[in-house]
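Below, each chain spelled out in residue letters.
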Amino acid sequence: MVRLSVAIPTYGREGVLLDTVAALLALTPPPEELLLLDQTPSHAPATTQQLTRWAEQGLVDWIRLPAPSIPKAMNQALLRARGERVLFLDDDIRPDPQLLSAHLEAGEAWPEVLIAGRVLQPWHGGKPDPADADSFRFNSLIPRPCSQFMGGNFTLPRAGALSIGGFDENFVRVAYRFEAEFSHRWRQRGCSIRYLPQALIEHLQAPHGGTRSFGRHLTTIRPVHAVGGHYFRLRTQPFPAALMGCLADGFKAVMTRHHLRHPWWIPPGLVAQGRSFAWALRLHGRGPSLLQPMESPDHEISRP
């Protein structure tokens, strides 16, 4: 039987994190292994007490990491997990009662396939996307092959992920488009991705913590939101096409309804796009930051 490790990267979350972990532990059966990749510098006392209690009971492997990085946390999960397959989940979710069993059954049926689960967002109002929707939004009821996945609900074979270097740690801060870049490398190796609606989570989209710690992309001069998109293009497209795509993305980013209603945010938005493109060029110039085949964990594990 396939063993499944559950991994939750988390940053800046308190009560919603505890609710997420409690809901997972309450599943029947509960996770065989639950890795909590915690990048929060310090928690509220109540959060620390509960996480310590779970760790002492052996219910959670509480791993403290020194700095926030989504792909680095996920790589640490790949290195430390004991299961043949790893289920990555967001830290602000409600799992469907069949979440683990659906991912396990899919892993047994397609052991070399990345399984993308269904994600019900707050704006869906509890309803799936219509069956005749023109674009695929990871809230359909129709299983199908697909080309990408959402980082908050997917499983993959641990060995296969490690064989291609894991996740690129050059996707900094918000790490926008890190899933798309991993999918690109995954499919280049001849591996496939399948969407499975039975593997369902409800994404709560907590207003604080996580990527929201870096502000709103519509009202910032900081480059942290757009750098991932530019880096993705540079990594996956010939330079002339990537350059044109980055320029187009930059102008589209300041042509939103928000910017048309608040035009004073257009100049800061263009500055953010320019800064993010320069950052992406530097990241691309030094090459991808991937795991080596025999790399060992380099962070301390908290065993309260």
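Look up a bit, the structure's there.
To keep things clear, this report deals only with the structure shown in the data block. (Residues numbered from 1 in each chain as written. Predicted model: local features only at pLDDT ≥ 70, side-chain atom pairs only at ≥ 80, totals over all residues. Heavy atoms only, no water.)

**Concerning the nonpolar core**
So, point 1. Counting 44 residues, the largest nonpolar core has Phe88, Leu156, Phe167 and Phe182 as the members making the most contacts within it.
So, point 2. Ignoring any residue separated from it by four or fewer positions in sequence, one finds Phe182 in contact with Leu114, Phe149, Leu156, Ala161, Ile164, Gly166 and Phe167.
So, point 3. Membership of the second largest hydrophobic core comes to 30 residues, among which are Val6, Leu196, Ala199 and Ile201. (Core = buried A, V, L, I, M, F, W, Y, C linked by side-chain atoms within 4.5 Å. Buried < 20%, exposed > 50% of the residue type's maximum accessible area, 1.4 Å probe, protein only. Contact = heavy atoms within 4.5 Å.)

**Considering the packing of aromatic side chains**
So, point 1. Enumeration over the complete set of coordinates arrives at ten aromatic pairs.
So, point 2. Here the aromatic rings of Phe182 and Trp186 are separated by 5.8 Å at their centres, their planes lie at 25°, and the arrangement is stacked. You can see Phe182 and its partner Trp186 sitting in helix H6 (residues 178–188), four residues apart, about one turn around the helix.
So, point 3. Aromatic rings pair up to connect Phe88, Phe149, Phe154, Phe167, Phe178, Phe182 and Trp186 into one cluster. (Phe/Tyr/Trp six-rings, centres within 6.5 Å; stacked < 30°, edge-to-face > 60°. Helix = DSSP H or I, 4+ residues; strand = E, 2+ residues; numbered from the N terminus.)

**A look at the pairing of strand S4 (residues 85–89)**
Along a regular strand, successive side chains alternate from one face of the sheet to the other.
So, point 1. The buried fraction of S4 amounts to five of the five residues, a majority that puts the element mostly inside the structure.
So, point 2. Here S4 shows no split at all, with Arg85, Leu87 and Leu89 on one side and Val86 and Phe88 on the other all buried.
So, point 3. Pairing between strand S1 (residues 4–10) and S4: four bridges, direction parallel. Its bridge partner being in S4, Ser5 is matched across the sheet by Val86.
So, point 4. Of the strand pairs in this sheet, S4 and strand S8 (residues 153–157) are connected by five bridges, and their pairing is antiparallel. Residue pairing across strands places Arg85 opposite Pro157, the latter belonging to S8. (Pairing = 2+ DSSP bridges.)

**Section: the environment of Arg85**
So, point 1. Within the fold, Arg85 resides in strand S4.
So, point 2. The buried category is assigned to Arg85, whose relative accessible area is 2%.
So, point 3. A polar contact is formed between the side chain of Arg85 and the backbone oxygen of Pro111, at a distance of 3.0 Å.
So, point 4. One polar contact links Arg85 to Thr155, side chain to side chain, over a distance of 3.4 Å. (Polar contact = N/O pair within 3.5 Å; in protein donor to acceptor, adjacent residues only side chain to side chain.)

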